[in-house]
Every structure is written in structure tokens, then in C-alpha cells.
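Spelled out from the first residue to the last, the chains are:
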Amino acid sequence: MNVRIDESWRKMLADEWDKPYFKELTDFVRQEYRTTTVYPPASRIFAAFDACPVENVKVVILGQDPYHGPGQANGLCFSVADGIDVPRSLVNIFKEVNADTGAPIPASGNLERWARQGVLLLNATLTVRAHAAGSHQSHGWEQLTDKVVEKLSSECENLVFILWGSYAARKGEFIDRSKHLVLTSPHPSPLSASRGFFGNHHFSKANEYLISKGKTPVQW
């Protein structure tokens, strides 16, 4: 199957494209885009991969679903397009970045600047029906994104995996901790941020690890 995705990811995931689950997923997603409103725009389904080729990946942040409100989802987990109100979870992420590193809180919630520095902003499910959180779960996306995490864990070295919340922690259970740094904490959602997300220092810890491995730190 011809999948419009960055060439480095096309090669890494080559075994997936012709598997039955991926064909079923593709048929489902195409039908959804034809018959209802789906986010992100179809051209940005694989935006996280296109912005961060395999060879550039230094940090992986795992999310769950794209935002399901109008104009929000831009293909990168936790990120929104320029001009869109910053969601509350992302507000809390920026607060922690500021407290942890001193970086100023930006006006825009567009995280493409992180992606261009080697941060793979990966949702477990890459599409969602408008105003229906979780509506595209269990249709095959999770199988593909599990394979992404598995491949990065096995074929790369010295990456930082940032897992916020129980869902992300479960998705990252099989990451090889002898080769990578895995950081976990509660989710930045307003419901849980005060229970350990604030003060987790994940951004400075990630950079300290990258520097120790001879890599350029991320300008958060």
C-alpha cells in the first residue's frame, strides 16, 4: 500500500503497510473522512512523522487521541495550530517547562518547533471523529503506533521516552530501559497535574540525558 509518510518511516514500518489490520484501518478512516467530520485534516494524519524523520528522533512523547474540537488537532500530540486557544493540558505542560527550565510560556500551542528538534509527538490513535473522544480507538491505529514504539526501542539507542498518565505508561511497558531513558508521571490534564505532573522535571531530565549521550538538548 502506498502510504504518504516520510520515507524513513515508510522503510522502518514497511512490514505493516500490507497487513490485513492496516488495510481495514485505511478503509475505515477513508469512510469516516467521506461521511463525517474527522480531525486532524487528512493531509496531517502523519504530520508527527513528517516533521521528525527516524534519524532525527531524540525524544518521544506519547499521547492518546487527537483533539476533537474544530481546528485544534494538527497531527502532533498535545499540539494545536497557530491561532487556536491553548488547551488546558498544554497550558500545564508550558507551566512545567517554565518552572523546570525557565523557558518563557509561548503564546502559541503549536509544537512543531519541538518536532523539528527531534521530538516525536506521537498519539496512539492518529484520527478522531469531531466532538467524539476515543471514536477511532480499537480500529488499528494502536497496533501501528505500538510498532513505532517497538521499532524505536529495538533499533535506536539513547532515546528519551516521556510517558504521562497510565495509558502512555502501559503503551511504553516494553521499552528497553537498558538502552533508553523512560520518564513517567501523572498526566498534565487539570484533573491530575497536581498529583505529580507539576514538579516532574521531565524537560530538564531529558536534556541532561541527551547531553550525557553527546546529543544536542531540546530548546523547550
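Residues numbered from 1 in each chain as written. Predicted model: local features only at pLDDT ≥ 70, side-chain atom pairs only at ≥ 80, totals over all residues. Heavy atoms only, no water.

Asks: Which residues make up helix α4 (residues 88-101), and what values do they have?
Replies: A rise of 1.5 Å per residue sets the reference length of α4, with its 14 residues, at 20 Å; its end C-alpha atoms lie 20 Å apart and thus fit the reference within 8%. Among the structural elements, α5 (112-115), β5 (160-164) and α8 (202-212) are those in contact with the buried residues of α4. Once α4 finishes, G102 follows within two positions and takes phi at roughly 85 degrees, a positive value. (Helix = DSSP H or I, 4+ residues; strand = E, 2+ residues; numbered from the N terminus. Expected span 1.5 Å × (residues − 1). Contact = heavy atoms within 4.5 Å.)

Asks: Just give me the short version of unusual backbone geometry, but keep the residues and values in it.
Replies: With omega at -5 degrees, the peptide bond leading from Y39 into P40 counts as cis. By secondary structure assignment, the location of P40 is in the loop between β1 (38-39) and α3 (47-51). Of note in this structure, S138 is not a glycine but carries a positive phi near 65 degrees. Relative to the elements of secondary structure, S138 occurs in the loop between β4 (128-129) and α6 (141-155). The exposure class of S138 is exposed, given its relative accessible area of 67%. Its identity as a non-glycine residue notwithstanding, N158 has a phi of 60 degrees, on the positive side. Within the secondary structure, N158 sits in the loop between α6 and β5. We classify N158 as partly exposed; its relative accessible area is 21%. (Buried < 20%, exposed > 50% of the residue type's maximum accessible area, 1.4 Å probe, protein only.)

Asks: Tell me what's going on with the sheet that holds strand β6 (residues 181-185), and back it up with residues and numbers.
Replies: With parallel pairing, 4 strands are arranged side by side in an open sheet as β3-β2-β5-β6. The strands lining the two open edges of the sheet, one partner per strand, are β3 (119-123) and β6. With direction set aside, neighbouring strand axes in the sheet form an average angle of 20 degrees. Sheet contacts for α8: β2 (59-63), β5 and β6; angle to β6, the most-contacted strand, approximately 175 degrees. (Pairing = 2+ DSSP bridges. Axes fitted to C-alpha atoms, helices over the stretch in contact; angles between N-to-C directions.)

Everything listed is a geometric property; what it means functionally is a separate question.
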